[in-house]
Amino acid sequence: VAQSVELIFAVCYLLTVLFDRSSFLLSRKTKRAAWMFWLFNAAAAALLIAAICGWRPYMPSHFFIYTIAPWVKSLIYYWTGIA
Amino acid sequence: MDQKQMIGQRQLAWLISSIMMTQALMNLPRETSLIAGINAWFCYIVPVAFSFLYIYGVYRLMRLFPGKNLYEINLELAGPVFGRIINLIVLLYFWLILMRDVRWVSFFTKTVLLQQTPEEIIILVFMFVVLYYARSSLEVTVRVNDLFFPAVLLLMLFLPILLVNEFNFRLNDPILTDGLFPILVANVLNTGWYADLLVIGAFLPMVSGARSFLTSTRHGVVLSTFLLTLLTWINVYVLGPPITSRAIFPSYLLIQQIHLTDFLDRLEILIYSFWAPMIIIKVIAFTAAIMIGINSFTGETDHRLMIRPFIWIATLTTILSFRTFTEVYNFANFSIPAIFFVWAVPVLILLQLLSLRPKFAAQRRRASEKEQEQHEERMNDPNEKHESSEGGGQNGPFFQKVNRLPYRIWKHWTHRLIALGALLIIAGGLFGRYLPAAGTAAGILYAVCILLVVWTSYMEMRRTNQPPESGQT
């Protein structure tokens with residue numbers, strides 16, 4: 001199942017890249033917009049490769065999930081007498 | 001985003017309600033019941049106060065910089081460098097909320113409906129639907145919301161009747177006898193869910209006039225508060241706090257309790273079919289807000305340029321961020337409120353302080369003059385007078401008189417009723433421990449207050465000078 005999922009993701013990504021008209025709009029856009037467009041594409045591609053390879057890169061959300069949330073939870077449960 | 005898109009007053013109010021309610025519907029009663037027990041339905045008054053403060057802050061900024069969205073206002077107030085840093089913080093916040101909602105929906109769908117489908121595929125399909133809608137205008141999304149919101153609203157209003165045979169009042173009496181502290185803590189936590197309201201700052205140019213924005217948004221907040229209070233109350237009195245606080249999806253479990261006849265069961269599937277489009281609408285609103293924010297960096301107006309790569313980034317970061325439901329749950333209930341108070345609130349205060357600088361004195365003066373002019377126009381408008389005299393329609397003299405009341409009276413009554421609601425909770429919490437009847441009386445009066453606030457905020461919206469709603473037939 002896992003391999004099928006990865007295949008579906010890769011095919012869908014390639015299809016959206018091929019059929020996305022945004023890159024054709026780029027010629028009429030500013031240099032900054034074009035730079036940002038390619039940056040976003042590179043980030044998406046890198047994340048896709050990471051997901052397909054089974055890597056789990058550290059992201060800003062992980063700080064809130066693994067550091068902030070347990071701390072706030074224990075504080076609130078301690079205050080209210082739940083834990 | 002196309003600046004010519006317009007959202008009407010009612011449409012904005014319903015959109016706000018959808019945004020604030022849909023995700024909270026699934027989650028809020030659980031943690032609130034765990035902390036506040038049977039008093040869980042009193043835990044929305046602080047979030048309402050916060051929302052009103054935020055709305056007023058945005059209203060002030062909207063008057064100073066008409067026709068600009070929150071990102072553009074940030075750039076005006078804080079300059080190009082610091083303004084972009086603030087925009088980046090806002091964007092990151094929206095991205096976190098987007099991930100939370102998408103992952104929550106995927107977990108819910110996987111657990112309840114599609115047990116065999118890989119979760120990644122559920123997320124992918126969900127995000128493709130968002131991509132399809134987000135490529136078009138927000139007006140389309142708002143009109144879709146116009147179709148589904150009344151259905152969900154009616155359903156929730158009928159929920160007490162559908163579950164009438166399941167209520168157990170004796171099990172949960174007396175109320176407001178456990179002190180105020182758990183109620184306060186649950187209120188503070190719920191404020192994090194109400195922070196979803198921040199998204200509306202991205203759509204300010206789509207609303208015709210600051211006053212319309214103010215009244216519509218307030219009504220949207222009050223309407224969603226009423227519905228959330230109602231749902232939590234039903235949860236507490238049907239399932240009881242122990243089950244509500246232990247079930248993964250208590251509201252879903254609640255709806256499963258509807259047994260109209262022996263054969264008309266599985267109504268939750270029908271209800272899910274109304275709820276699912278609303279959560280998609282919410283995610284589309286956040287996606288559109290992020291696109292508008294990205295445009296503030298590139299200086300572009302076409303939001304379609306970045307949408308495809310962004311949807312992929314959002315999909316993949318959502319998959320990579322959370323492994324288990326517990327992580328999403330803790331993130332939603334404990335991280336988001338912390339981020340809101342530590343991160344978003346200081347930014348909002350900073351923006352208000354920046355707007356008070358002498359540099360913007362001319363804008364403040366112009367805004368005051370414009371408001372004065374609009375007020376005079378309203379006073380001299382024959383349509384307004386006509387509407388006032390016809391206000392009661394076929395109703396009796398009392399209703400005619402009430403409907404003629406001006407906007408500011410309704411606004412004051414909204415504030416008074418919210419303050420009264422807060423006072424009732426405090427009084428009930430203080431005296432309910434010694435005199436249970438006082439707690440019960442405070443609870444009943446509080447429910448009446450919440451119901452009346454829906455009416456006064458609606459009248460506020462109605463009494464605002466209302467231009468014709470575009471995009472409506």
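Criteria and cut-off values
- Residues numbered from 1 in each chain as written.
- Chains lettered and ligands numbered in written order.
- Predicted model: local features only at pLDDT ≥ 70, side-chain atom pairs only at ≥ 80, totals over all residues.
- Heavy atoms only, no water.
- Helix = DSSP H or I, 4+ residues; strand = E, 2+ residues; numbered from the N terminus.
- Buried < 20%, exposed > 50% of the residue type's maximum accessible area, 1.4 Å probe, protein only.
- Areas by Shrake-Rupley, 256 points an atom, 1.4 Å probe, with all protein chains shown as cover.
- Salt bridge = Lys/Arg side-chain N within 4 Å of Asp/Glu carboxyl O.
- Patch = residues over 30% accessible without salt bridge, like charges linked within 9 Å, V, L, I, M, F, W, Y side chains within 5 Å.
- Phe/Tyr/Trp six-rings, centres within 6.5 Å; stacked < 30°, edge-to-face > 60°.
- Lys NZ or Arg CZ within 6 Å of the ring centre and 35° of its normal.
- pLDDT = per-residue confidence, 0-100.
- Contact = heavy atoms within 4.5 Å.
- Core = buried A, V, L, I, M, F, W, Y, C linked by side-chain atoms within 4.5 Å.
- Buried area = accessible area lost by both parts, 1.4 Å probe.
- Nonpolar A, V, L, I, M, F, W, Y, C, P; charged D, E, K, R; others polar.
- Expected span 1.5 Å × (residues − 1).
- Disulfide = S-S within 2.5 Å.
- 1 Å grid on protein atoms, 1.4 Å probe; cavity = no way out; pocket = protein on both sides within 12 Å on 5 of 7 lines; lining within 4 Å.
- Points joined across faces, edges and corners; volume = space filled by probe spheres on them.

Observations concerning the overall build of chain A
Here is step 1: A tally of helices and strands in chain A yields four helices and zero strands.
Here is step 2: For chain A, the α and β elements follow one another from N to C terminus as α-α-α-α.
Here is step 3: When the 83 residues of chain A are sorted by exposure, 35% land in the buried category.
Here is step 4: Accessible surface, chain A as shown: approximately 5400 Å² in total, 73% of it carbon and sulfur.

Focus on the pattern of salt bridges
All names here are of chain B.
Here is step 1: Summed over the entire model, instances satisfying the criterion amount to 11 salt bridges over all chains.
Here is step 2: For the salt bridge of D146 with R10, the shortest nitrogen-to-oxygen distance reads 3.4 Å. In this pair, D146 is assigned in helix 5 (residues 138–162) and R10 in helix 1 (residues 9–36), connecting sequence segments 136 residues apart.
Here is step 3: Its relative accessible area of 24% is what places R10 among the partly exposed residues.
Here is step 4: Between D101 and R100 there is a salt bridge, with the nearest N and O atoms lying 2.9 Å from each other.
Here is step 5: When salt bridges that share partners are traced, they join R100, D101, D196 and K282 into one network.

Looking at a nonpolar patch on the surface
Here is step 1: Residues W71, L75, Y78 and W79 of chain A together with F181, L184 and V188 of chain B make up a contiguous nonpolar surface patch of about 780 Å² in total accessible area.
Here is step 2: Looking at the nonpolar patch, the elements that each hand over two or more residues are helix 4 (60–80) of chain A together with helix 7 (181–194) of chain B.
Here is step 3: The biggest single contributor to the nonpolar patch is helix 4 of chain A, with four residues.
Here is step 4: Structurally, the position occupied by V188 of chain B is in helix 7.
Here is step 5: V188 of chain B sits in the partly exposed class, given a relative accessible area of 35%.

Details of the packing of aromatic side chains
All names here are of chain B.
Here is step 1: The full count for this structure, using the stated rule, is 33 aromatic pairs over all chains.
Here is step 2: Taken together, the aromatic side chains of W104, F107, F108, W193, F249, Y252, Y272, W275, F325 and Y329 make up a single cluster linked through ring pairs.
Here is step 3: Positioned over the ring face of W14 is R10, at 4.6 Å from the centre of the ring.
Here is step 4: The ring of W413 carries R416 above its face, with NZ or CZ at 5.1 Å from the centroid.

Here we look at the environment of L223 of chain B
All names here are of chain B.
Here is step 1: Note on placement: L223 falls in helix 8 (residues 210–238).
Here is step 2: According to the relative accessible area criterion, L223 is buried, its value standing at 8%.
Here is step 3: Remark: the alpha-carbon pair of L223 and I183, spanning 40 residues in sequence, is separated by 21 Å.

Some details on the confidence of the model for chain B
All names here are of chain B.
Here is step 1: Looking at chain B as a whole, its pLDDT mean stands at 85, while 92% of the residues score no less than 70.
Here is step 2: When the criterion is pLDDT under 50, residues 386–392 qualifies, and its contacts beyond four places in sequence or with other chains add up to 10 contacts.
Here is step 3: Overall, residues 466–473 carries pLDDT values under 50, and its contacts beyond four positions in sequence, including any with other chains, amount to 15 contacts.
Here is step 4: The ipTM, which scores confidence in the relative placement of chains, is 0.90 for this predicted complex, and the corresponding pTM is 0.89.

As for the nonpolar core
Residues and elements named next belong to chain B.
Here is step 1: With 187 residues, the main nonpolar core has F94, F203 and F213 as its most contacted residues.
Here is step 2: By residue number, the principal contributor to this core is helix 3 (residues 70–112), which donates 21 residues.
Here is step 3: If we ignore the near neighbours within four places in the chain, the residues touching F203 are L138, A285, A288, A289 and I292.

Digging into the interface of chain A and chain B
Here is step 1: Each partner contributes to the interface: chain A provides 45 residues, whereas chain B provides 46 residues.
Here is step 2: Each partner contributes to the roughly 4100 Å² buried at the junction of chain A and chain B, and carbon and sulfur atoms together form 75% of this total.
Here is step 3: Contact with chain B buries surface across chain A, with F9, F40 and F64 of chain A losing the most and accounting together for 15% of the total.
Here is step 4: Remark: the boundary between chain A and chain B carries one salt bridge.
Here is step 5: The closest approach of N and O atoms between E327 of chain B and R56 of chain A, which form a salt bridge, is 3.9 Å.
Here is step 6: Elements with a contribution of two residues or more to the side of chain A that touches chain B: helix 1 (2–19), helix 2 (22–25), helix 3 (31–53) and helix 4 of chain A.
Here is step 7: Sorting elements by how many residues they give to the side of chain A that touches chain B places helix 4 of chain A first, with 14 residues.
Here is step 8: Among the residues making up the side of chain A that touches chain B, the classes are represented as 32 nonpolar, seven polar and six charged.

Points about helix 7 of chain B
Residue and element names in this part refer to chain B.
Here is step 1: The terminal C-alpha atoms of helix 7 lie 20 Å apart, and with 14 residues this matches the ideal 20 Å at 1.5 Å per residue to within 8%.
Here is step 2: With 11 of its 14 residues buried, helix 7 lies for the most part within the structure.
Here is step 3: Those residues of helix 7 that fall on the buried side of the exposure criterion are P182, I183, V185, A186, N187, L189, N190, T191, G192, W193 and Y194.

Examining the state of the cysteines
Here is step 1: Summed over the entire model, instances satisfying the criterion amount to zero disulfides over all chains.
Here is step 2: Unpaired in terms of disulfides, C12 of chain A finds its nearest cysteine sulfur in C53 of chain A, a separation of 18 Å.
Here is step 3: C449 of chain B forms no disulfide, and the closest cysteine sulfur to it belongs to C43 of chain B, at a distance of 16 Å.

With respect to the environment of F325 of chain B
Here is step 1: The topology assignment puts F325 of chain B in helix 13 (residues 325–355).
Here is step 2: Sequence separation between F325 of chain B and S106 of chain B is 219 residues, and the spatial gap between their C-alpha atoms is 9.9 Å.

A look at empty space enclosed by the protein
Residues and elements named next belong to chain B.
Here is step 1: Per the stated rule, a full pass over the model turns up three cavities of 30 Å³ or more.
Here is step 2: Empty space within the largest cavity amounts to approximately 170 Å³.
Here is step 3: What lines the largest cavity is a set of 15 residues, and nearest its centre among them are L25, M26, I255, I271 and W275.
Here is step 4: Broken down by secondary-structure element, the contributors of at least two residues to the lining of the largest cavity are helix 1, helix 5, helix 10 (250–256) and helix 11 (267–298).
Here is step 5: Looking at the lining of the largest cavity, its residues break down into 13 nonpolar, one polar and one charged.
Here is step 6: Each pocket or cavity is described by its volume, and for the second largest cavity that value is around 120 Å³.
Here is step 7: Forming the boundary of the second largest cavity are 13 residues, of which V90, L198, A344, V347 and L348 lie nearest the centre.
Here is step 8: Within the residue set of the lining of the second largest cavity, elements represented by two or more residues are helix 3 and helix 13.
Here is step 9: Residue classes in the lining of the second largest cavity are distributed as 13 nonpolar, no polar and no charged.

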